[in-house]
Amino acid sequence: MSASPLVLIVMGSENDLPVMQEAADVLAEFGVACEMRISSAHRSPLRTMNLATEAAGRGIRIIIAGAGMAAHLAGVIASKTTLPVIGVPMPGGSLNGVDALYSTVQMPGGIPVATMAIGKAGAKNAGIFAVQILALTEERLAKALEEYRREMDEECARKDSAIQHP
Ligand code: RP5
């Protein structure tokens, strides 16, 4: 794994870590270096702004932002960088993540956030989506993605066979 991170993973609270770890794990599987940070759009707005504005200059290519409740983290970061920003709505709270989903996905025209599903599936897909972006210019990753899909297909076939021949 190369030393300098290509993907920055930001989350609004340490309580988001069990979900956002899914993104870091899948990036590690593909050998893509990432950096994980805690910064909140509401509780630490200046730190969040600085993370966003400085990211491109230090070699970050993609930002993954996970937040819950009135989740403005991904949108605020997207407003301060032209790097692609992938949003992950956190589950939990009174609305179990639907609030975060709407807050993350409903961006005004001009400032996109690529919003994933609520929770761990969304975090995992954020990592894979980041790899897919990097694979556009890195042949090693394009091949690794093909292999990843092939293994999923084989796993499905094994389970299909197992259920038929218990
Ligand atoms: C958001 O508010 C965080 O992303 C978190 O998901 C949610 C609640 O934060 P905590 O009160 O658990 O720190 O900013």
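Q: For the environment of Arg158, give the residues involved together with the corresponding values.
A: As for its position among the elements, Arg158 is in helix α6 (residues 139-164). Look at Arg158 and you get partly exposed, because its relative accessible area is 49%. In this structure the C-alpha to C-alpha distance between Arg158 and Gly119, which are 39 residues apart in sequence, comes to 27 Å.

Q: Explain the side chain of Asp16 to me, and be specific about the residues and the numbers.
A: Residue position: Asp16 is located in the loop between β1 (7-11) and α1 (17-29). If we ignore the near neighbours within four places in the chain, the residues touching Asp16 are Met11, Gly66, Ala67 and Met90.

Q: If you had to explain the pairing of strand β4 (residues 85-89) to someone new, which residues and values would you point to?
A: Within β4, five of the five residues are buried, which leaves the element mostly enclosed by the surrounding structure. Because side chains alternate across β4, one face comprises the buried residues Val85, Gly87 and Pro89, and the other comprises Ile86 and Val88, equally buried. Examined bridge by bridge, strand β3 (residues 62-67) and β4 share five bridges and lie parallel to one another. Looking at β4, one finds that Ala65 is bridged to Gly87. Here β4 pairs with strand β5 (residues 114-115) via two bridges, running parallel. Considered in β5, the bridge of Ile86 is made with Ala114.

Q: An account of the site of the ligand is needed here, citing residue identities and associated values.
A: The environment of the ligand is made up of Gly12, Ser13, Asn15, Asp16, Arg43, Ala67, Gly68, Met69 and Met90. Within the side chain of Ser13, one N or O atom sits 2.7 Å away from an oxygen atom of the ligand. Here an oxygen atom of the ligand sits 2.6 Å away from a polar atom, N or O, in the side chain of Asp16. When the ligand is considered free in solution it has 360 Å² of accessible area, and contact with the protein chains removes 74% of it. In terms of residue class, the shell around the ligand is made up of three nonpolar, four polar and two charged.

Q: If you had to explain helix α5 (residues 120-135) to someone new, which residues and values would you point to?
A: Taking 1.5 Å per residue as the helical rise, α5 with its 16 residues ought to reach 22 Å, and the 23 Å between its terminal C-alpha atoms agrees with that figure. The inward-facing, buried residues of α5 contact β1, α1, β3, β4 and α6.

Q: Residue-level account of the pattern of salt bridges, with values.
A: Under the definition given, this model contains eight salt bridges. Its salt-bridge partner being Glu35, residue Arg58 comes within 2.8 Å of it at the nearest N-O pair. Within this pair, whereas Arg58 is found in the loop between α2 (45-55) and β3, its partner Glu35 is found in strand β2 (residues 34-38), the two being separated by 23 residues in sequence. By relative accessible area, Glu35 is classed as buried at 18%. Of the charged contacts in the structure, one is a salt bridge between Glu155 and Lys159, with a shortest N-O distance of 3.3 Å. Placement of both Glu155 and Lys159 in helix α6 is noted, with a separation of four residues, approximately one turn of the helix.

What counts and how
Residues numbered from 1 in each chain as written. Predicted model: local features only at pLDDT ≥ 70, side-chain atom pairs only at ≥ 80, totals over all residues. Heavy atoms only, no water. Helix = DSSP H or I, 4+ residues; strand = E, 2+ residues; numbered from the N terminus. Buried < 20%, exposed > 50% of the residue type's maximum accessible area, 1.4 Å probe, protein only. Contact = heavy atoms within 4.5 Å. Pairing = 2+ DSSP bridges. Near = heavy atom within 4 Å. Polar contact = N/O pair within 3.5 Å; in protein donor to acceptor, adjacent residues only side chain to side chain. Areas by Shrake-Rupley, 256 points an atom, 1.4 Å probe, with all protein chains shown as cover. Nonpolar A, V, L, I, M, F, W, Y, C, P; charged D, E, K, R; others polar. Expected span 1.5 Å × (residues − 1). Salt bridge = Lys/Arg side-chain N within 4 Å of Asp/Glu carboxyl O.

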